[in-house]
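# Close look at the chain arrangement
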Amino acid sequence: MRENPSTPPSPPRITGGVPMEVAGKGQRLQMQEKLRILEDLNMLYIRQIAISLQDTEIQRKMERELRMRDGACKLLAACSRREQALEAAKSLQLCSRRVLAYMAELQRRNEAELLRRAARRPSDAGPADERLPCRGTVCVSDLRIPLMWKDTEYFRNKGELHRCAVFCLLQLGAEIYDTPMVLVDRTLTDICFESAVLFSEAGPDFELKVELYSAGLSGGAAQGSTPRKLATRLSTSLGRSSGKRVRAAMDGGPGSPPGNGGTGPLLLPAPSVPGPKFHLLAHAVLSLAEVQDGFRTHDLSIASSEESSFWLPLYGSMCCRLAAQPRCMATPVRSGFLRLQQPGTEAQSGTRLYCVLRGTDLLCYRDPGEAEAGLQPALTIAVNKETRIRATEREGRGQPHGMAVTNRFGGEEVTHTLLAESRAEAQRWMEAFWQHFYDMSQWKQCCDELMKIEVPPPRRPPAMLPRQGSLYHEMALPGPAVPPSACEGLLLQDNAVAEEIRALLSSYYSDR
């Protein structure tokens, strides 16, 4: 039988005279160039909106974040250690989100300006004065996200060690803040972010977005599973120069979505920089209905699958303290002199008091000095959602004007009559009361009593670290003074690695 000759190897497929591998690479480069052009056009459009609105402050913030974003990209490509690369990737994610938030805020203001101009036409004229609620401060603190490890992983310590670096982004309007970064493995039962985050310009219709980002760390066993091993490894790294361009510290896991997070909108494409990539792991939206002066559990929507390299076994819930302080509860709404008229007496014989409307009380002092010193008021009149107020305007020349404040205690009504020094002053007090009642109706349970707001300590300014420094003595390690529990969930942002990353970024955009 005659044997068939062996089949020679087929030549590479040709597309228009160019190998398919080369053609595919060229197409990717063309797509990246188109995305960069689209980004430039969008940024030009946003800058023109900022100029037309004469909003130089938000334009300055956006330009600053763009410079920091550019610096984070260069720093991420130059990082030689994984811990540095993680902080740079986190800074890149934060800057990109802030730029998008500023863009959205400029577009919102532009639309509001166009609507305002259109409403100037007589045919579209509506109410001349619409009452707006006061702003307030919203605080999130003691954020805890429980984990649900398998029994063999947590109790028996078996299976491959799965480790991730995670942090949270919290956004309310155009304000975006981040939490410290935490290393998570099967030795932890909860992801804890104990520091408080404040939003000072919130309205009663606020929507607070909480997003949990994660980056998978390969080779967890080589890293060690305790803070002491990590500190020993880091202690030899910061003495080296981080300005040399080296290969990426780690690549994204197989099957990971492209870009930093995989969900970057076309408006601001994610830069194709090698290195660790953070992906959206879970998210939640909190509103006024979730505000409570205490800890509360909230639903958490999981945005990843178990096959992802950055996946963590979440329960699908989170616990935090969400508090709010409307300005009408924390600061005086109005103050001035009023005369308290006793029943059955003449108006001129009433007691002249210095009154301060704040929160759920009208505080009446003998003089302004007592109010400034924080002394006990001579009289406190309740002002809440059940309080009724009416004007006590009298006919006749020279007759005083004022208001009657009525509260119900049990089954009995108690009325206090307060007289102003002029008709205009009485009108200003009445307007302050009506605005106060409107603020209470909008902020709802936040006006039942003043909630405590935890003020976070100021972040340390970035400072350049000496090149020959060692991290071993700068990190919290188990010992006689520091218990092992204090080292669980090592916070990278509070150690020297984060300080060096922030210092390099700061030096970059300050020199531009």
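Structure first, text after, so check above.
Described in the following lines is the structure provided in the data block. (Residues numbered from 1 in each chain as written. Predicted model: local features only at pLDDT ≥ 70, side-chain atom pairs only at ≥ 80, totals over all residues. Heavy atoms only, no water.)

Attention now goes to the sheet that holds strand β16 (residues 361-365). Strand order in this open sheet of seven strands is β17-β16-β15-β14-β20-β19-β18, and the pairing throughout is antiparallel. A single partner strand is all that each edge strand has here, and the edge strands are β17 (379-382) and β18 (388-391). Between one strand and the next, the sheet's axes are offset by a mean angle of 35 degrees, whatever the strand orientation. Judged from the three bridges that link them, strand β14 (residues 334-341) and strand β20 (residues 412-420) form a sheet pairing that is antiparallel. If you follow Q341 over to β20, its bridge partner there is T417. (Pairing = 2+ DSSP bridges. Helix = DSSP H or I, 4+ residues; strand = E, 2+ residues; numbered from the N terminus. Axes fitted to C-alpha atoms, helices over the stretch in contact; angles between N-to-C directions.)

Okay, the side chain of E425 next. Of note, E425 is situated in helix α9 (residues 423-443). Each residue touching E425, except ones within four places of it in the same chain, is listed here: R334 and A420. (Contact = heavy atoms within 4.5 Å.)

Taken as a whole, this structure holds seven aromatic pairs when the rule is applied. Relative to Y213, the ring of F167 has its centre 5.7 Å away and its plane inclined at 15 degrees; by these criteria the two rings are stacked. Separated by 46 residues along the polypeptide, F167 in strand β4 (residues 163-172) and Y213 in strand β9 (residues 208-217) bring together distant segments of the chain. Using a relative accessible area of 3% as the deciding quantity, one classes Y213 as buried. When the ring of F167 is compared with that of F278, the centres are 4.9 Å apart and the planes differ by 80 degrees; the resulting orientation is edge-to-face. Here F167, found in strand β4, pairs with F278, found in the loop between α6 (227-234) and β10 (279-286); they are 111 residues apart in sequence, far enough to count as distant. Pair check on accessibility: F167 and F278 agree, each one buried. Taken together, the ring pairs in this structure connect W429, F433, W434 and F437 into an aromatic cluster. Sitting over the ring of F167, K90 keeps its end group 5.4 Å from the ring centre. Seen from the ring of W429, R334 lies directly overhead, with NZ or CZ sitting 5.7 Å from the centre. (Phe/Tyr/Trp six-rings, centres within 6.5 Å; stacked < 30°, edge-to-face > 60°. Buried < 20%, exposed > 50% of the residue type's maximum accessible area, 1.4 Å probe, protein only. Lys NZ or Arg CZ within 6 Å of the ring centre and 35° of its normal.)

One pass over the full model with this rule turns up 19 salt bridges. Of the charged contacts in the structure, one is a salt bridge between R163 and D185, with a shortest N-O distance of 3.1 Å. In this pair, R163 is assigned in strand β4 and D185 in the loop between β6 (182-184) and β7 (190-193), connecting sequence segments 22 residues apart. Here R163 falls in the buried class, since its relative accessible area comes to 6%. Here R408 makes a salt bridge to E413, at a shortest N to O gap of 3.0 Å. A residue is classified by how much of its surface remains accessible, and R408, at 52% relative accessible area, is exposed. Exposure remark for E413: the relative accessible area of 38% places this residue in the partly exposed category. A cluster of three or more residues bridged by salt bridges with shared partners is formed by R64, E65 and R98. (Salt bridge = Lys/Arg side-chain N within 4 Å of Asp/Glu carboxyl O.)

Here we take up helix α3 (residues 82-118). Over its 37 residues, α3 extends 54 Å from the first C-alpha to the last, a length consistent with the 54 Å expected when each residue adds 1.5 Å. Across the 37 residues that make up α3, a large majority, 26, are buried. (Expected span 1.5 Å × (residues − 1).)

As for its placement among the helices and strands, A303 is situated in the loop between β12 (301-302) and β13 (317-326). On the basis of relative accessible area, A303 is assigned to the partly exposed category, the value being 41%. Residues A303 and L212 lie 91 residues apart in sequence; the distance between their C-alpha atoms is 9.6 Å. In contact with A303, not counting residues within four places along its chain, are L280, L281, A282 and H283.

Okay, the nonpolar core next. If you look at the biggest cluster of nonpolar residues, it comprises 68 residues, and the most contacted ones within it are L208, L312, L362 and F433. When residues of this core are assigned to their parent elements, the largest contribution, seven residues, is made by α9. By size, the runner-up hydrophobic cluster in this structure holds 25 residues, among which are A165, F167, M181 and A215. (Core = buried A, V, L, I, M, F, W, Y, C linked by side-chain atoms within 4.5 Å.)

Our next topic: the pairing of β14. Summarising the sheet, β14 and strand β15 (residues 351-358) pair through seven bridges and their orientation is antiparallel. Within β15, the residue paired with L340 across the bridge is T351.

So, about unusual backbone geometry. Despite not being glycine, D142 has its phi angle at roughly 50 degrees, a positive value. Turning to its location among the elements, D142 is positioned in strand β3 (residues 136-146). Although it is not a glycine, K444 sits at a positive phi angle of roughly 55 degrees. Its location among the elements puts K444 in the loop between α9 and α10 (496-510). The class of K444 is partly exposed, set by a relative accessible area of 48%.

What follows is about the state of the cysteines. Applying the stated criterion across every chain, the model contains zero disulfides. We note that C319 lacks a disulfide partner, and the nearest cysteine sulfur, in C320, lies 6.7 Å from it. Of the cysteine sulfurs around C328, a residue in no disulfide, the closest is that of C134, at 3.9 Å. In this structure C328 comes out as buried when scored by relative accessible area, which is 3%. (Disulfide = S-S within 2.5 Å.)

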